[in-house]
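The primary structure of each chain is shown beneath.
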Amino acid sequence: CFFEKKITVEVYLCLSPTTKDRELEEILHRFSIFQISKVVFTKIDESESLGNMVNLLMKDNLSIAYFTTGQRVPEDIEIATPAKLADMILREGAQ
């Protein structure tokens, strides 16, 4: 007798906040066939603004899992908590 075992897979889409809004939407659209669970934003340290990242998250009701803030792996990979994300946005606004 064979038992059917369901496997849950989380699909993370890696994006850069340095990418233009329109291009982020296009990337998301093209990869939507994979039923994206969460996004990972890389190169946060290279971005002048996080606005397009926030726009995409809110517009498409996405959750962010991780972000990277440098080139050292795994040291520069951080769990994206709401508090950390809010802190980054507020620091950007204060500059």
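The rules behind each value
Residues numbered from 1 in each chain as written. Predicted model: local features only at pLDDT ≥ 70, side-chain atom pairs only at ≥ 80, totals over all residues. Heavy atoms only, no water. Buried < 20%, exposed > 50% of the residue type's maximum accessible area, 1.4 Å probe, protein only. Helix = DSSP H or I, 4+ residues; strand = E, 2+ residues; numbered from the N terminus. Pairing = 2+ DSSP bridges. Right-handed = clockwise from strand over helix to strand, strands pointing away. Salt bridge = Lys/Arg side-chain N within 4 Å of Asp/Glu carboxyl O. Core = buried A, V, L, I, M, F, W, Y, C linked by side-chain atoms within 4.5 Å. Phe/Tyr/Trp six-rings, centres within 6.5 Å; stacked < 30°, edge-to-face > 60°.

Draft legend 1. Representation of the pairing of strand β1 (residues 12–15). Side-chain alternation along β1 places Leu-13 and Leu-15 on a buried face and Tyr-12 and Cys-14 on a face that remains uncovered. In this sheet, strand β2 (residues 38–41) lies alongside β1 in parallel orientation, the contact comprising four bridges. Of the residues in β2, the one forming a bridge with Leu-13 is Val-39. For the crossover from β1 across helix α1 (residues 21–31) to β2, the handedness is right-handed.

Draft legend 2. A look at the pattern of salt bridges. Inspection of the entire model under this criterion finds five salt bridges. Residue Glu-25 pairs with Lys-59 through a salt bridge whose shortest N-O separation is 3.5 Å. One end of the pair, Glu-25, is in helix α1; the other, Lys-59, is in helix α2 (residues 51–59), and 34 residues separate them in sequence. Across the salt bridge formed by Glu-78 and Lys-84, the nearest N and O atoms sit 3.7 Å from each other.

Draft legend 3. Geometry of the nonpolar core. Among the nonpolar cores identified, the biggest contains 18 residues, and Val-39, Phe-41, Met-53, Leu-57 and Ile-64 are the most heavily contacted of them. For this core, the elements supplying multiple residues, two or more each, are β1, α1, β2, α2, β3 (64–68) and α3 (82–94). At three residues, the largest contribution of residues to this core is made by α2.

Draft legend 4. Here's a closer look at the environment of Arg-22. Relative to the elements of secondary structure, Arg-22 occurs in helix α1. In sequence terms Arg-22 and Leu-56 are 34 residues apart; their C-alpha atoms lie 9.7 Å from each other.

Draft legend 5. Spatial organisation of α2. When α2 is considered as a whole, its buried residues turn out to be Asn-52, Met-53, Val-54, Leu-56 and Leu-57. Positive backbone phi, approximately 50°, marks Asn-61, located one or two places after α2.

Draft legend 6. Fine view of the packing of aromatic side chains. Taken as a whole and assessed by the stated rule, the structure comprises two aromatic pairs. Geometrically, the ring pair formed by Tyr-12 and Tyr-66 is tilted, given 6.2 Å between the ring centres and 45° between the ring planes. Of this pair, Tyr-12 sits in strand β1 while Tyr-66 is found in strand β3, placing the two residues 54 residues apart along the sequence. By relative accessible area, which is 31% here, Tyr-12 ends up partly exposed. Residue classification places Tyr-66 among the partly exposed residues on the basis of a relative accessible area of 32%.

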